[in-house]
Every structure is written in structure tokens, then in C-alpha cells.
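Fold and contact review
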Amino acid sequence: HWQCFLIGSLFGWKRAATGKRRFRYAYAQVPRKNGKTLTAIGVAINLFCADMEKGAEVYLGAKGQEHAKDLLFAPTKFIVESSPELRAHFGIEINAGSLVIPANFSVLKTVIRKPDDGYNPHCAVVDEYHEHETDDQWSTFDTGMGSREQPLLLTITTSGSSIGGPCHEYRNECIKILDGTIPGDSTFVLIY
């Protein structure tokens, strides 16, 4: 299953010198109805609480309000609500539009379009990147991760129908990483 390969690769590869995760970036392009968003939500929840990052900022990025609310935050909230053991173990509080861990100032919430420049993501998910007209959200998350020791920017998408735009450009870059044309040791690429 592609989900096992993705999760195993992202969390199983560590740098020998530091013990930190190898991959800072992940691009997963998978056909519709294969559980991409739910898989990304699982990664986000893990990095929100189980990674033990103080002040972890975890963002689920979407193009529009409906996508953010119904397809990203609602299932995230449901998963955490459905696990009282998880909530109790990590001290997670559920708010109308965010999850927080007051003891270590961590937050998980959705972001629509371009986030403000003050964001400092430990984990950011850009869902359905093929729908984005610009790379504003992706690049703001990327530049905001600079002070984190082992952040993750997970881009998850279908191929879509456009042969232009930021997703297509990033996909082409990822293909060059896979074929060795350009370096990309910190980028995990999975294209089906």
C-alpha cells in the first residue's frame, strides 16, 4: 500500500549524524479516492503531538474555506475526538477551528490560500496542490520552516488536468530529483 511506503519513508529514514528525519519535503501524487487527505491528516496529527516539538505549529493548507473546513479540519477533529486516550495522553484541547496543546503551546489548524509571514511551521500540508493558481501558500510555509530542526512540508495532490501552474512545476522538479538530474536528498517523491 502506498500509505505504508509514504509513512515508512518519511519517519523511518533518519540522518546518522543527528538522528533527525531525512526528509524536509514530501510530494505525493496519487489518483483520486485513495485516501490522500486522510493520510496527510494522520501525518499532521502525529507531528502535532507525538513528535514532542515544543510550540509545534501544524497547518493544513487548502485553496478555499469549504475544503479547509469540511475536508481537512472536520476529519482531523473527528479523529482526535474519537480517541480520548490520545487527547488525555498529550493534553489536547479541541476548539472550533483548532487543536491545541496548552502545556507546550502547540497548535494545529487550517490555512486558506496564502498564510501570513509570521508562521513557523513544524509541519505543513498543502492539500490538492494542483488546484492552487500560485505557489504563495507553499512558499510561505517553506520559508517559515527555517528555524525548525526537522520540519516537514507535505504536498499531496492528484495530477489534475492543468499542465501549468505551481503544482506542475513542482512535479517536474520532483521528477528531476527522481532521475538524478538535480539534487534533492531532503525531498521524498511518490508519483503514481
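Residues numbered from 1 in each chain as written. Predicted model: local features only at pLDDT ≥ 70, side-chain atom pairs only at ≥ 80, totals over all residues. Heavy atoms only, no water.

**A short note on the nonpolar core**
Core analysis: the largest hydrophobic core is formed by 35 residues, its most contacted members being Phe48, Cys49, Ile92, Leu108 and Val125. Element by element, the count of residues in this core is highest for helix H2 (residues 36-50), at eight residues. Contact partners of Phe48, with chain neighbours within four places excluded, come to Ala56, Val58, Ile92, Leu99, Val100, Ile101, Ser106, Val107 and Leu108. Ala124, Val126, Cys167 and Cys174 belong to the second-largest nonpolar core, a separate cluster that totals 16 residues. (Core = buried A, V, L, I, M, F, W, Y, C linked by side-chain atoms within 4.5 Å. Buried < 20%, exposed > 50% of the residue type's maximum accessible area, 1.4 Å probe, protein only. Helix = DSSP H or I, 4+ residues; strand = E, 2+ residues; numbered from the N terminus. Contact = heavy atoms within 4.5 Å.)

**Section: the pattern of salt bridges**
Applying the stated criterion across every chain, the model contains eight salt bridges. The shortest N-O distance in the salt bridge between Glu149 and Lys20 comes to 3.3 Å. Here Lys20 lies in the loop between helix H1 (2-12) and strand S1 (25-29) and Glu149 lies in the loop between helix H5 (136-144) and strand S7 (152-157), a separation of 129 residues in the sequence. We classify Glu149 as exposed; its relative accessible area is 62%. Its relative accessible area of 27% is what places Lys20 among the partly exposed residues. The partner of Arg148 in a salt bridge is Glu53, and the shortest N-O contact between them spans 3.0 Å. Taken together, the residues span a long stretch of sequence, with Arg148 in the loop between H5 and S7 and Glu53 in the loop between H2 and strand S2 (57-62) at a distance of 95 residues. The two residues Arg148 and Glu53 agree in class, both being buried. Overlapping salt bridges bring together Arg15, Arg22 and Asp185 as one network. (Salt bridge = Lys/Arg side-chain N within 4 Å of Asp/Glu carboxyl O.)

**Quick look at the side chain of His122**
Mapped onto the elements of the fold, His122 is located in the loop between strand S5 (106-112) and strand S6 (123-127). Only 2.6 Å separates the side chain of His122 from the side chain of Asp51, close enough to count as a polar contact. Other than its neighbours up to four places away in sequence, His122 contacts Arg21, Leu47, Asp51, Glu53, Ala56, Glu57, Arg148, Gln150, Pro151 and Leu152. (Polar contact = N/O pair within 3.5 Å; in protein donor to acceptor, adjacent residues only side chain to side chain.)

**Here we look at the environment of Phe23**
With respect to the helices and strands, Phe23 occurs in the loop between H1 and S1. Here Phe23 falls in the buried class, since its relative accessible area comes to 6%. Residues Phe23 and Asn34, 11 residues apart in the sequence, show an inter-C-alpha distance of 23 Å.

**With respect to the packing of aromatic side chains**
Evaluation of the coordinates by the stated rule reveals nine aromatic pairs. Each ring, one from Tyr129 and one from Tyr170, has its centre 6.5 Å from the other, and the planes form 80 degrees; the classification is edge-to-face. Of the two residues, Tyr129 sits in the loop between S6 and H5 while Tyr170 sits in helix H6 (residues 165-178), which places them 41 residues apart along the sequence. Judged by its relative accessible area of 7%, Tyr170 falls in the buried class. When the ring centre of Trp13 is taken as reference, the NZ or CZ atom of Arg22 above it lies at 4.7 Å. (Phe/Tyr/Trp six-rings, centres within 6.5 Å; stacked < 30°, edge-to-face > 60°. Lys NZ or Arg CZ within 6 Å of the ring centre and 35° of its normal.)

**Let's talk about the sheet that holds S2**
On the basis of which strands lie adjacent, the open sheet formed by eight strands has the order S3-S4-S5-S2-S6-S7-S1-S8 and mixed pairing. At either margin of the open sheet sits one strand with a lone partner, and together these are strand S3 (93-94) and strand S8 (187-191). Note that S3 and strand S4 (residues 98-101) share two bridges and pair antiparallel. Considered in S4, the bridge of Glu93 is made with Val100. (Pairing = 2+ DSSP bridges.)

**Regarding the environment of Ala56**
Tracing the sequence through the fold places Ala56 in the loop between H2 and S2. When the C-alpha positions of Ala56 and Leu108 are compared, they lie 8.1 Å apart, and in sequence the two are 52 residues distant. Excluding anything up to four places from it in sequence, Ala56 contacts Leu47, Phe48, Phe105, Ser106, Val107, His122 and Arg148.

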